[in-house]
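Residues per chain, in single letters:
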Amino acid sequence: MSTLLVSQPQYAWLRELGLKEDNEGVYNGTWGGRGEVVTTYCPANNEPIARVRQASLEDYEETVKKAKEAWKVWAEVPAPKRGEIVRQIGDSLRQKIKVLGNLVSLEMGKIVIEGVGEVQEYVDVCDYAVGLSRMIGGPMLPSERPGHALIEQWNPVGLVGIITAFNFPVAVYGWNNAIAMVCGNVCLWKGAPTTSLVSVAVAKIIAQVLEANKLPGAICSLTCGGADIGTAETIYLKDRLSPYVPSRALRSGSQNRLAPPGPREVRLAVTRARAFSVAAPAWWNELPENIRALRDLLQFRRSLLELGGNNAITVFGDADLNLVIPSALFAAVGTTGQRCTTARRLLLHESIHDEVVEKLTKAYAQIRIGDPWDANTLYGPLHTKQAVKMFLDAVELAKQQGGSVAYGGKVIERPGNYVEPTIVTGLPHNASIVQTETFAPILYVLKFKTEEEAFAWNNEVKQGLSSSIFTKDLGRIFRWLGPKGSDCGVVNVNIPTSGAEIGGAFGGEKHTGGGRESGSDSWKQYMRRSTCTINYSKDLPLAQGIKFQ
């Protein structure tokens, strides 16, 4: 009998998603794949789920060609009609929401309610995109010249590459895919190798909708793969590309990095694609040619990057602790500390520091740890064995740098990748481990004296994704929101750092990468703007009153 979970009776529901023991990981109108075979594992017990044949570079090049051909068809479809297709995708996801959420829980490791919630995010973005499909457009502006019209015209960029990480294997693709589609783009997706089954299952749902509407399947293509496919998607795609690149995809040791591991400066230069005016450092010419080519191409290519966050919750002496404790708990240990918006630092005013630490420690002791698909569980496993090692290394470094473990800090002795949610106190705010984003459930508690000090500590890390303060002081709230307050892309008051709604633009500043996705005016990331002047008169007046006769 097969040892794969997909063949065991209790996992028969995986068949509802079209999954089997051996799955093809390339879709471009037809299913295939000529790359290596990858087995995905359940983080809760490290048992193999199923196998996926990844894309080869030849598969990738073929898929790009088919996607470009599909765009010629898709670009001619009126935007409201594109919205109707996205509506159908949303409805298809609704029908599979529970079973797909269960797969996210099984393969990624997050608790089942979060897995279902992640699919719900994709559904919500589809609903949002449907309305957007009838609203996209530019203004008609007053022209200073008689008999002239000045308008803004928005057109799709063409082919959008979407690279996603393991921690949100459905939602992040959905944020980008639904909006990009109604804008008139086709999409090429590469998910994390460790969540390849989720990628395949989602692609199958979308493919059925496209096929039912007699549209080219390559409108939403899939190329499962590792670093070779990720690098190809960023270097060799000779078209406009808007890659979404989460930080986990670039961390040394990750199975989903875009480039070979190397010095932090190399990875930074490769990923900071938006730094158009930054001159290459002296060591740049010593790097391998393919890495230099990646940066050079990205310099002048539109990109949307979300590269992680070292997020802080700041609690002042007047805060409502009935809000603080559950907020800090969810932000720090939700998804087992594997959200880009997870709270890594808790800044406490000295007047309430000891009280909050005591209350939070008691709350940690009540966290229900267990199988992620058990509805009673609040805290599941880390995604991989490598993540467990990273957790242990970080705890040891924190101790070496002067920290004290107030709670947790150890591996939980049970099958799977379980570690204790951890609180560390006593570290200085500028300790190197505090300044490092560790993708694990470790919360560093820091003690501050003044508002100025707290705001400065919030902003001193390299990333700028999410931030939150807890206070009742109205003046402080608006100082926090203002130019001398938080420098992050998400700036909250009296709520956690995580749990963003789809209606707002999501993204960050500094090393987080820049760019915004999901709601608000993020649709502009997926389109190009032309300023158009139309002369409908019989004269040729020049702007600024210039005479050229």
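Everything below is about the structure printed above this text.
Below you will find a few notes about this structure. (Residues numbered from 1 in each chain as written. Predicted model: local features only at pLDDT ≥ 70, side-chain atom pairs only at ≥ 80, totals over all residues. Heavy atoms only, no water.)

Counting its regular elements, the chain contains 14 helices and 24 strands. When the 549 residues of the chain are sorted by exposure, 57% land in the buried category. Long-range pairs, those at least 24 residues apart, make up 75% of the contacts in the chain between residues at least 6 apart in sequence. A total of about 22,700 Å² of accessible surface is found on the chain, and carbon and sulfur atoms cover 53% of it. (Helix = DSSP H or I, 4+ residues; strand = E, 2+ residues; numbered from the N terminus. Buried < 20%, exposed > 50% of the residue type's maximum accessible area, 1.4 Å probe, protein only. Contact = heavy atoms within 4.5 Å. Areas by Shrake-Rupley, 256 points an atom, 1.4 Å probe, with all protein chains shown as cover.)

A grouping of Leu 540, Leu 542, Ile 546 and Phe 548 is seen on the molecular surface, where their side chains present a nonpolar patch of about 490 Å² in accessible area. Position of Phe 548 among the secondary structure elements: in the segment after β24 (527-535). (Patch = residues over 30% accessible without salt bridge, like charges linked within 9 Å, V, L, I, M, F, W, Y side chains within 5 Å. Salt bridge = Lys/Arg side-chain N within 4 Å of Asp/Glu carboxyl O.)

Once that is clear, we can look at unusual backbone geometry. Even without being a glycine, Asn 494 presents a positive backbone phi close to 60°. You will see that Ser 520, though not glycine, has its phi angle at about 55°, which is positive. Relative to the helices and strands, Ser 520 is located in the loop between β23 (517-518) and β24. According to the relative accessible area criterion, Ser 520 is partly exposed, its value standing at 41%.

This next bit is on helix α3 (residues 97-108). Note that an α-helix has 3.6 residues per turn; residues three or four places apart therefore point the same way. Counted at 1.5 Å a residue, the expected span for α3 with its 12 residues is 16 Å, and the 16 Å between its end C-alpha atoms agrees. Most of α3 is tucked away: 10 of the 12 residues are buried. Residues of α3 that are buried include every one of Ile 97, Val 99, Leu 100, Gly 101, Leu 103, Val 104, Ser 105, Leu 106, Glu 107 and Met 108, and no others. Contacts from the buried residues of α3 go to β4 (37-41), β5 (48-53), α2 (79-95), α4 (112-132) and α6 (196-212). Looking one or two residues past α3, Gly 109 carries a phi angle of roughly 110°, positive in sign. (Expected span 1.5 Å × (residues − 1).)

Leu 103 and Tyr 122 are the most contacted members of the largest nonpolar core, which totals 94 residues. Contacts of Tyr 122, omitting those with residues within four sequence positions, involve Ile 89, Leu 93, Val 170, Tyr 173, Gly 174, Asn 177, Ala 178, Val 202 and Ile 206. Ranked by size, the runner-up nonpolar core spans 51 residues in total, among them Val 324, Ala 343, Ala 394 and Ala 431. (Core = buried A, V, L, I, M, F, W, Y, C linked by side-chain atoms within 4.5 Å.)

Another aspect to go through is the packing of aromatic side chains. Enumeration according to the criterion identifies 11 aromatic pairs in this entry. Note on Trp 154 and Trp 523: the rings are 5.0 Å apart at their centroids and 65° apart in plane angle, and the pair reads as edge-to-face. With Trp 154 in strand β7 (residues 148-156) and Trp 523 in the loop between β23 and β24, this residue pair connects regions lying 369 residues apart in the sequence. Taking relative accessible area as the criterion, Trp 154 reaches 10% and is therefore assigned buried. A ring pair is formed by Phe 455 and Trp 480, whose centres lie 5.2 Å apart and whose planes are at 50°; its orientation type is tilted. With Phe 455 in helix α13 (residues 451-459) and Trp 480 in helix α14 (residues 474-481), this residue pair connects regions lying 25 residues apart in the sequence. Ring-pair connections join several aromatic residues into one group, and the members of that group are Phe 316, Phe 448, Phe 455 and Trp 480. (Phe/Tyr/Trp six-rings, centres within 6.5 Å; stacked < 30°, edge-to-face > 60°.)

This part takes up the packing of α13 against α14. The contact between α13 and α14 brings their axes to 12 Å, and the two run at 30°. With respect to their mutual orientation, α13 and α14 come out roughly parallel. For the element pair α13 and α14, the recorded crossing hand is right-handed. Contacts between α13 and α14 pair Glu 451, Phe 455 and Asn 458 from the former with Arg 476, Arg 479 and Trp 480 from the latter. Class assignment for the residues of the contact of α13 with α14 results in two nonpolar, one polar and three charged. (Axes fitted to C-alpha atoms, helices over the stretch in contact; angles between N-to-C directions. Parallel < 35°, antiparallel > 145°, perpendicular 65-115°, else oblique. Left-handed = near helix turned anticlockwise from the far one by under 90°. Nonpolar A, V, L, I, M, F, W, Y, C, P; charged D, E, K, R; others polar.)

Under the criterion given, the structure shown has 25 salt bridges. Put simply, Glu 69 and Lys 72 hold a salt bridge, and the shortest N to O gap is 3.1 Å. With Glu 69 and Lys 72 both in helix α1 (residues 57-74) and three residues apart, the pair spans about one turn of that helix. Among the ionic pairs, Asp 487 bridges to Lys 510, the shortest N-O distance being 2.7 Å. Taken as a pair, Asp 487 in the loop between α14 and β20 (490-493) and Lys 510 in strand β22 (residues 509-510) lie far apart in primary sequence, 23 residues in all. A relative accessible area of 24% places Asp 487 in the partly exposed class. Within the structure, one salt-bridge network assembled from shared partners comprises Glu 84, Arg 87, Asp 91, Arg 94 and Asp 127.

What follows deals with α6. Taking 1.5 Å of rise per residue, the 17 residues of α6 would be expected to cover 24 Å, and the 24 Å separating its terminal C-alpha atoms lies within 8% of that figure. In terms of burial, α6 is a largely internal element, 13 of the 17 residues being buried. Lys 214 lies just past α6 and shows a positive phi near 55°.

This part takes up the environment of Pro 146. Secondary-structure assignment places Pro 146 in the loop between β6 (140-141) and β7. A residue is classified by how much of its surface remains accessible, and Pro 146, at 61% relative accessible area, is exposed. Between the alpha carbons of Pro 146 and Asn 535 there is a distance of 8.7 Å; along the sequence they are 389 residues apart. Not counting residues within four places of it along the chain, the set of residues in contact with Pro 146 comprises Ser 537 and Pro 541.

One open sheet holds the three strands; their spatial order is β6-β7-β24, and the pairing between them is antiparallel. Looking at strand neighbours, the two that pair on one side only are β6 and β24, the edges of this open sheet. Note that β7 and β24 share nine bridges and pair antiparallel. Along β24, the bridge assignment pairs Pro 156 with Met 527. (Pairing = 2+ DSSP bridges.)

Another aspect to go through is the sheet that holds strand β1 (residues 22-24). Strand order in the open sheet formed by three strands is β1-β5-β4, with mixed pairing between adjacent strands. On the outer flanks of this sheet lie β1 and β4, each paired with one strand and no other. In this sheet, neighbouring strand axes are inclined to one another by 30° on average, regardless of whether the strands run parallel or antiparallel. Pairing of β4 with β5 involves five bridges; the strand directions are antiparallel. Each residue of the ladder has a partner; that of Val 38, found in β5, is Val 52. Relative to β5, α6 is tilted by about 65°, and along the sheet it contacts β1, β4 and β5.

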